Each structure stands twice: as structure tokens, then as C-alpha cells.
Amino acid sequence: MTPFEMLGVFAAGIGAGALNAVVGSGTLVTFPVLLAAGLSPLTATVSNALGLVPGAVSGAIGYRRELAGQGRRVRRLGVGAALGGITGACLLLTLPAEAFETIVPCLVGLALVLVALQPLISRTVRNRRPADRPVRRDGGWPLSTGLTLASVYGGYFAAAQGIIYISLMGLLLDEPLQRLNAVKNVLVAVVNTVAATLFLFVADFDWTAVALVAAGSALGGQLGARTGRRFSPAVLRALVVAVGTVALVQLLLR
């Protein structure tokens, strides 16, 4: 990498860490930058997964206040997240590279749609909740199953997995959004960690990219947790969609 490319990857790591802590979809920031730096889609995905682990942990720590009283829920959902994450990572490593390069544009497109529709999803969730309905604290097997399947996706390609988590928990749990976001950050950290552990031993990655994304995402996770609530969700969403569109165009033109 050139010094300019290294600076760009580090800056993308900061942005991804902050976005992941607040809304998710940080991969849509780092992924196109890693592609622009010359990495193949598969190497970029593996390097990105390894590099975003410190950012995921940092974001989860930043939201520790909102995690109070949710230990049992986090432990139960974390088991499914770990199983799903390792399954998705195995799929990434066992499927042919050609299959990955075919699937990834579809996944990026799906992620962009989820990001763009997030306000509609959130509004639908709020409107369908009767005021007199009993409070839901568990979510049952539909939530556990849905989050496990979402974690398979996250282990394979992490873009917008946090938005999927928030959507599922918002539909099936009665909790303030910030508390759900705190659980989301822990689940993302679990998925990223188990997938990255596997990648570390058996996958090809770029150490320079990993180090730059890791340093940037760790810083960004703290920045996102501390100041992200002050940013306009519309601005963040527009940025994610714009960067993700660039990534999609790059992938389709390769």
C-alpha cells in the first residue's frame, strides 16, 4: 500500500468503528476502501473481519451502561451468534472464490436496501405495538433462530448485520432502542471474534490492512459510543448508502 492508501484505510476503520457502534453497516465503509487499495474481494473481507474485532469490542464497552440487567439475555443470544458466526466463516472459506465474488454484490445490494429502509422498518415496528400488550422480555425461539441465521450472514459477510439484529429485536422485544443497540454491539463482537479466530489460522489476509482497520475501528468504536447519538441518523444513513453504492459499482465492474 502507498502512504495515501494506508491513511485512507485507517480513516475508513475509524468511520466503520463509529458507524458499527451507532447504527451498523461499517463494513460498507471499509470494504470499498480495501478494494480500492488493491485487495481481492475475498482477502478484503477476511482482512476486514479481523480488523473490525477491536472496534466491535470497543463499541460494546462504550455501551456498557445500556447493557445493565441484560446479562442473561446476552448470554443466551450470544450462543446462537457464536454458532452462526462460525458457520458463516466456514461457508466463506469452503465455497469457491468465484461463488463469493458472485454472491457479494447481492449481499451488498441487500445491505444497502436494509440501510435505506431502516426508518420504515423502525416506524412499522413502533406502529404495530398495541399500547396494552404485555411487555416482552424474551423473544422466544423466533428471536433466537432469527439472530442465529443473521449471524451466519454476519460470519460470511458482515455488512448491515447490525441492522438485521436491531430489526429482529425491535419486532420481538419491548425495550428502548439504545438497550437493543447495546445488545447488538455485543452480538456483532461475538460474531466478528469467532469468525476472525478461524480466519487467523486458515485464511489469506493482509496484515497491513488488518492493523490499520483494527487501530481505526478501536478508536472509532469509542467515538461512536460517546458522540454518535448526537449525529443525525439521516446523515449517517446517507453516508453508508453512498459508500456502499460505490462498493457495489466497483464489484460489478471488476
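Here's what I pulled together on the structure shown here. (Residues numbered from 1 in each chain as written. Predicted model: local features only at pLDDT ≥ 70, side-chain atom pairs only at ≥ 80, totals over all residues. Heavy atoms only, no water.)

Attention shifts here to the side chain of S47. Within the fold, S47 resides in helix α3 (residues 41–51). Judged by its relative accessible area of 0%, S47 falls in the buried class. Polar side-chain contacts of S47 include one of 2.8 Å to the backbone oxygen of T43. Aside from chain neighbours lying at most four places away, what touches S47 is L39, F205, D206, A209 and V210. (Helix = DSSP H or I, 4+ residues; strand = E, 2+ residues; numbered from the N terminus. Buried < 20%, exposed > 50% of the residue type's maximum accessible area, 1.4 Å probe, protein only. Polar contact = N/O pair within 3.5 Å; in protein donor to acceptor, adjacent residues only side chain to side chain. Contact = heavy atoms within 4.5 Å.)

For soluble globular proteins, nonpolar side chains are generally found buried alongside one another. Membership of the largest hydrophobic core comes to 55 residues, with the highest contact counts inside it found for L34, L147, F157, Y165, M169, L187 and F199. Top element by residues in this core is helix α10 (residues 177–202). It accounts for 10 residues. In this structure, L147 is in contact with L77, Y165, L168, M169 and L187, ignoring residues within four places of it in sequence. The next biggest cluster of nonpolar side chains, apart from the first, holds 5 residues, and it includes A12, V22, V23 and V29. (Core = buried A, V, L, I, M, F, W, Y, C linked by side-chain atoms within 4.5 Å.)

Let's shift gears to the packing of aromatic side chains. Under the defined criterion, the tally for this structure stands at 1 aromatic pair. A centroid spacing of 4.9 Å and a plane angle of 85 degrees characterise the contact between F205 and W207, whose relative ring orientation is edge-to-face. By relative accessible area, W207 is classed as exposed at 57%. (Phe/Tyr/Trp six-rings, centres within 6.5 Å; stacked < 30°, edge-to-face > 60°.)

Here we take up helix α4 (residues 53–62). All of the buried residues along α4 are V53, G55, A56, S58, G59 and A60. Looking at the packing, one finds that the buried side of α4 touches α1 (3–22), α3, α10 and α11 (207–227).

Let us now look at a nonpolar patch on the surface. Where nonpolar side chains cluster on the molecular surface, the patch consists of L93, L200, F201, V202 and W207 and spans about 560 Å² of accessible area. In terms of residue count, the dominant contributor to the nonpolar patch is α10 (3 residues). (Patch = residues over 30% accessible without salt bridge, like charges linked within 9 Å, V, L, I, M, F, W, Y side chains within 5 Å. Areas by Shrake-Rupley, 256 points an atom, 1.4 Å probe, with all protein chains shown as cover. Salt bridge = Lys/Arg side-chain N within 4 Å of Asp/Glu carboxyl O.)

By the element assignment, F157 lies in the loop between α8 (140–156) and α9 (161–172). Along the sequence, F157 and A49 sit 108 residues apart, while their C-alpha atoms lie 8.5 Å from each other.

Per the counting criterion, the structure on display carries 1 salt bridge. Close ionic contact of R65 with E66 constitutes a salt bridge, the shortest N to O distance being 3.4 Å. Relative accessible area serves as the criterion here: at 62%, R65 is assigned to the exposed category. Judged by relative accessible area, which is 10%, E66 ranks as buried.

Turning to the packing of helix α2 (residues 27–36) against α3, a few remarks are in order. With their axes 9 Å apart at the nearest point, α2 and α3 run at an angle of 135 degrees to one another. Looking at the two axes, α2 sits oblique to α3. Considering the relative orientation of α2 and α3, their crossing is right-handed. Only P41, A44, T45 and N48 of α3 make contact with α2, whose side of the interface consists of T27, T30, F31, L34 and L35. Looking at the contact of α2 with α3 residue by residue, the class counts come to 5 nonpolar, 4 polar and no charged. (Axes fitted to C-alpha atoms, helices over the stretch in contact; angles between N-to-C directions. Parallel < 35°, antiparallel > 145°, perpendicular 65-115°, else oblique. Left-handed = near helix turned anticlockwise from the far one by under 90°. Nonpolar A, V, L, I, M, F, W, Y, C, P; charged D, E, K, R; others polar.)

Taking 1.5 Å of rise per residue, 20 residues should cover 28 Å, and α1 covers 29 Å from first to last C-alpha, within 8% of that figure. Among the residues of α1, those classed as buried are V9, A12, G13, A16, G17, L19, N20, A21 and V22. Note on α1: the residue one or two positions beyond its end, G24, has a positive phi of about 90 degrees. (Expected span 1.5 Å × (residues − 1).)

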